[in-house]
Amino acid sequence: MDSIEMPRRQFLGQSAALVTSAAVLNSPLLMQAFAAQPGEEIIPWSDQPPADPGVARGVIQNLQRWEDLDWLTPNSQFFNIAHYNHPHIDEQDWSLEITGLVRKPGRFRLSDIRARPRHELSFTLECAGNNGRPSFLTGIGTAQWAGTSLAAMLREAGLLDTGIEVVFVGADTGEEQVRDIKVPTSFARSMGVGDSMGPDNLLCYEMNGAPLPPEHGFPLRLIVPGWYGIANVKWLRRIEVRATRLENRFMGRDYVTIREEKHDGRTEWVETSVGRAQIKSAPARVVREGGHYKIVGMAWGAPIARVEVSIDSGPWQIATIDPTRQEKYAWRLWSLDWPASAPGEHAITVRAVGADGSVQPAPTDPQIAGKHTYWESNGQITRHIRLS
Ligand SMILES: Nc1nc2c(c(=O)[nH]1)N[C@H]1C(S)=C(S)[C@@H](COP(=O)(O)O)O[C@H]1N2
Ligand SMILES: [Mo]
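Colleague: Give me the overall build of the protein: which residues, what numbers.
Modeller: Within the protein one finds eight helices and 23 strands. The globule rule puts the C-alpha radius of gyration for 388 residues at 21 Å, and the 22 Å found for the protein is close to it. Taken along the three principal axes of its C-alpha coordinates, the protein extends 65 × 55 × 40 Å. Relative to its 388 residues, the protein shows a buried fraction of 51%. Of the contacts formed within the protein by residues at least 6 apart in sequence, a portion of 69% connects residues at least 24 apart.

Colleague: Can you tell me about the packing of aromatic side chains, naming the residues and giving the values?
Modeller: This structure, assessed with the given rule, holds 11 aromatic pairs. For the pair Phe 250 and Tyr 255, a centre-to-centre distance of 6.3 Å together with 50° between the ring planes defines the contact as tilted. Judged on exposure class, the residue Phe 250 and its partner Tyr 255 are both buried. Considering the side-chain rings of Tyr 255 and Trp 375, the 3.9 Å spacing of their centres and the 25° angle between planes classify their relative orientation as stacked. In this pair, Tyr 255 is assigned in the loop between α7 (249-253) and β14 (256-263) and Trp 375 in the loop between α8 (366-369) and β23 (381-387), connecting sequence segments 120 residues apart. This pair shows no difference in class: Tyr 255 is buried, exactly as Trp 375 is. Here the aromatic cluster, defined as three or more aromatic residues joined through ring pairs, consists of Tyr 84, Phe 187, Phe 250, Tyr 255, Tyr 374 and Trp 375.

Colleague: Run through the site of ligand 1, naming residues and quoting values.
Modeller: Neighbouring ligand 1 are 19 residues, the closest being Phe 79, Asp 172, His 216, Arg 221 and Lys 234. Between ligand 1 and Asp 172 there is a distance of 2.7 Å, counted from a nitrogen atom to a side-chain nitrogen or oxygen. Tallied by class, the residues present in the shell around ligand 1 amount to 11 nonpolar, five polar and three charged.

Colleague: Break down the pattern of salt bridges for me, with residues and values.
Modeller: Across all of its chains, the model carries 25 salt bridges by this definition. Salt-bridge contacts for Arg 114 lead to Glu 206; the nearest nitrogen and oxygen are separated by 3.4 Å. Of this pair, Arg 114 sits in helix α4 (residues 110-114) while Glu 206 sits in strand β10 (residues 202-207), and the two are 92 residues apart along the sequence. Glu 206 sits in the buried class, given a relative accessible area of 11%. For Glu 268, the salt bridge identified is with Arg 266, shortest N-O distance 3.8 Å. What makes Arg 266 exposed here is its relative accessible area of 54%. A cluster of three or more residues bridged by salt bridges with shared partners is formed by Arg 114, Arg 118, Glu 120 and Glu 206.

Colleague: Got a sec to walk through the side chain of Gln 360? Specific residues and values, please.
Modeller: Inspection of the secondary structure assignment puts Gln 360 in the loop between β22 (344-354) and α8. Judged by relative accessible area, which is 0%, Gln 360 ranks as buried. Among the polar contacts made by the side chain of Gln 360, one reaches the main-chain carbonyl oxygen of Asn 378 at a distance of 3.2 Å. With residues up to four places along the chain from it excluded, the contact list for Gln 360 reads Ile 279, Lys 280, Ser 281, Val 350, Arg 351, Ala 352, Asn 378, Gly 379, Gln 380 and Ile 381.

Colleague: Which residues make up the domain arrangement of the protein, and what are the values?
Modeller: For the protein, the domain assignment lists domain 1 (29-46 + 274-387) and domain 2 (75-259). The C-alpha centroid of domain 2 is placed 30 Å from the C-alpha centroid of domain 1. In total, domain 1 and domain 2 occlude about 2500 Å² of area from one another, counting both sides; carbon and sulfur atoms represent 52% of this. When residues of domain 1 are sorted by the area they lose upon contact with domain 2, Val 274, Tyr 329 and Trp 375 head the list and together hold 30% of the total.

Colleague: Residues and numbers for the state of the cysteines, please.
Modeller: Inspection of the entire model under this criterion finds zero disulfides. Of all cysteine sulfurs in the structure, the one in Cys 127 sits closest to Cys 204, which takes part in no disulfide; the separation is 18 Å.

Colleague: Could you give an account of the nonpolar core, with specific residues and numbers?
Modeller: The biggest cluster of nonpolar side chains holds 51 residues, and the ones touching the most others in it are Leu 96, Trp 145, Phe 168, Leu 203 and Ile 239. Per-element accounting of this core gives the leading share, five residues, to β10. Those residues in contact with Phe 168 that sit more than four places away from it in its chain are Leu 150, Phe 187, Ala 188, Arg 189, Ser 190, Met 191, Ser 196, Leu 222, Val 233, Leu 236, Arg 238 and Ile 239.

Colleague: Before we move on, could you go through the sheet that holds strand β13 (residues 236-242) and cite the residues and values that matter?
Modeller: Pairing is mixed in the open sheet, where five strands are placed in the order β5-β4-β13-β8-β9. Of all the strands in the sheet, the pair left with one neighbour each is β5 (106-108) and β9 (181-192). Neighbouring strand axes in the sheet, compared pairwise and without regard to direction, differ in orientation by 30° on average. Both strand β8 (residues 165-178) and β9 contribute to a ladder of 11 bridges, which runs antiparallel. Looking at β9, one finds that Gly 174 is bridged to Thr 185.

Colleague: I'd like a description of unusual backbone geometry, backed by residues and values.
Modeller: Following Phe 218, the chain continues to Pro 219 via a peptide bond in cis, the omega torsion being 10°. In this fold, Pro 219 is placed in the loop between β11 (210-211) and β12 (221-223). Positive phi outside glycine occurs at Asn 208, with the angle close to 50°. Mapping Asn 208 onto the fold places it in the loop between β10 and β11. We note that Glu 376 has phi near 55°; this positive angle belongs to a residue other than glycine. Relative to the elements of secondary structure, Glu 376 occurs in the loop between α8 and β23.

Colleague: Report on the side chain of Glu 165, specifying residues and quantitative values.
Modeller: Along the chain, Glu 165 falls in strand β8. For Glu 165, a relative accessible area of 4% translates into the label buried. In terms of polar contacts, Glu 165 uses its side chain to reach the side chain of Ser 190, at 2.6 Å. A polar atom in the side chain of Glu 165 sits 3.2 Å from the backbone nitrogen of Leu 246. Not counting residues up to four positions away in its chain, the partners in contact with Glu 165 are Ser 190, Met 191, Gly 192, Val 193, Glu 240, Val 241, Arg 242, Thr 244, Arg 245 and Leu 246.

Thresholds applied
- Residues numbered from 1 in each chain as written.
- Chains lettered and ligands numbered in written order.
- Predicted model: local features only at pLDDT ≥ 70, side-chain atom pairs only at ≥ 80, totals over all residues.
- Heavy atoms only, no water.
- Helix = DSSP H or I, 4+ residues; strand = E, 2+ residues; numbered from the N terminus.
- Rg over C-alpha atoms; globule rule 2.2 N^0.38 Å.
- Buried < 20%, exposed > 50% of the residue type's maximum accessible area, 1.4 Å probe, protein only.
- Contact = heavy atoms within 4.5 Å.
- Phe/Tyr/Trp six-rings, centres within 6.5 Å; stacked < 30°, edge-to-face > 60°.
- Near = heavy atom within 4 Å.
- Polar contact = N/O pair within 3.5 Å; in protein donor to acceptor, adjacent residues only side chain to side chain.
- Nonpolar A, V, L, I, M, F, W, Y, C, P; charged D, E, K, R; others polar.
- Salt bridge = Lys/Arg side-chain N within 4 Å of Asp/Glu carboxyl O.
- Domains from an automatic or database assignment.
- Buried area = accessible area lost by both parts, 1.4 Å probe.
- Disulfide = S-S within 2.5 Å.
- Core = buried A, V, L, I, M, F, W, Y, C linked by side-chain atoms within 4.5 Å.
- Pairing = 2+ DSSP bridges.
- Axes fitted to C-alpha atoms, helices over the stretch in contact; angles between N-to-C directions.

Here it is as structure tokens:
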């Protein structure tokens, strides 16, 4: 089965009103404007990062070229990140524990979780470090994730009023140095009780119609749509409700954004834990069909109202957004015809504008310029290309 077709079929399966408009919107002509076509020639970017991720070697794997990404990312093309080891878990030996400040602690096998009501959603998962370094441009992908509701399981466990934090612990382990102590530790991230009870959070066992692949967290991972990748804990083995905050490496030391902010005319350096996804866009590829060029890309991180493209620092031009694939947590495809393309080197910059009027920041915006760490780098992206 070609997994690329899946969301479209699912989209067509929705309410009658949607099907009517989808029939019009899904016309072959319109789909052609955005998805990669067999007949078109892709012009590779001239500022291609090295295939080897350098310092992140062994942590980040399976990075793709933007040119090869499409609306849905097949499992074989999905990047993966593992900060510690890569656990290979046998379903028979595995269970999920829900424990801590709950009235009814419990242990669940994969079959128990699969027997619960199933939910599916498309979500664009982006590493918070994506674009923070010159060699890391494609730590992003969109999959159709399936699982059961986290909120429903927490509700059944019965949260006690004393609990403020829900900690999600993975089966992968490592060692950290904290001051003079060597700490043997498991990968873990946490969220406040309110965020954990978000109605769309999934305990996820399926990715693009297949059981979760080992490198993406088999048998179970957390999917927190609308948050950066780090919140989406893989190889989940324990959920624990606690009365104090987790301040481990992935909450309080690494994945911390350090930014200069102005308060009352004074500069203050502020350190915050990586959180929700932020508005962002990128050009994916320039294609030639006959003598005609077109720029195609994605926009994500917030509800998108508009995408604008500037070529060689020229005026912002409004791109056409693919009306057929509108899912709450997945990126939108957009395209712009480029009739005035001339031979030589060109710079292509994109910015997304949100439904709330927010604009993806320029590199000179204090939000980006005042940032001293590479996390949450949602500044406007410029790519370079040479046309012959
Ligand atoms: N248990 C565990 N979960 C994890 C990680 C990890 O190292 N261990 N890495 C996180 C990070 S930094 C990202 S960006 C996403 C990547 O998800 P993927 O590997 O499925 O693409 O997983 C997150 N979940
Ligand atoms: Mo990440």
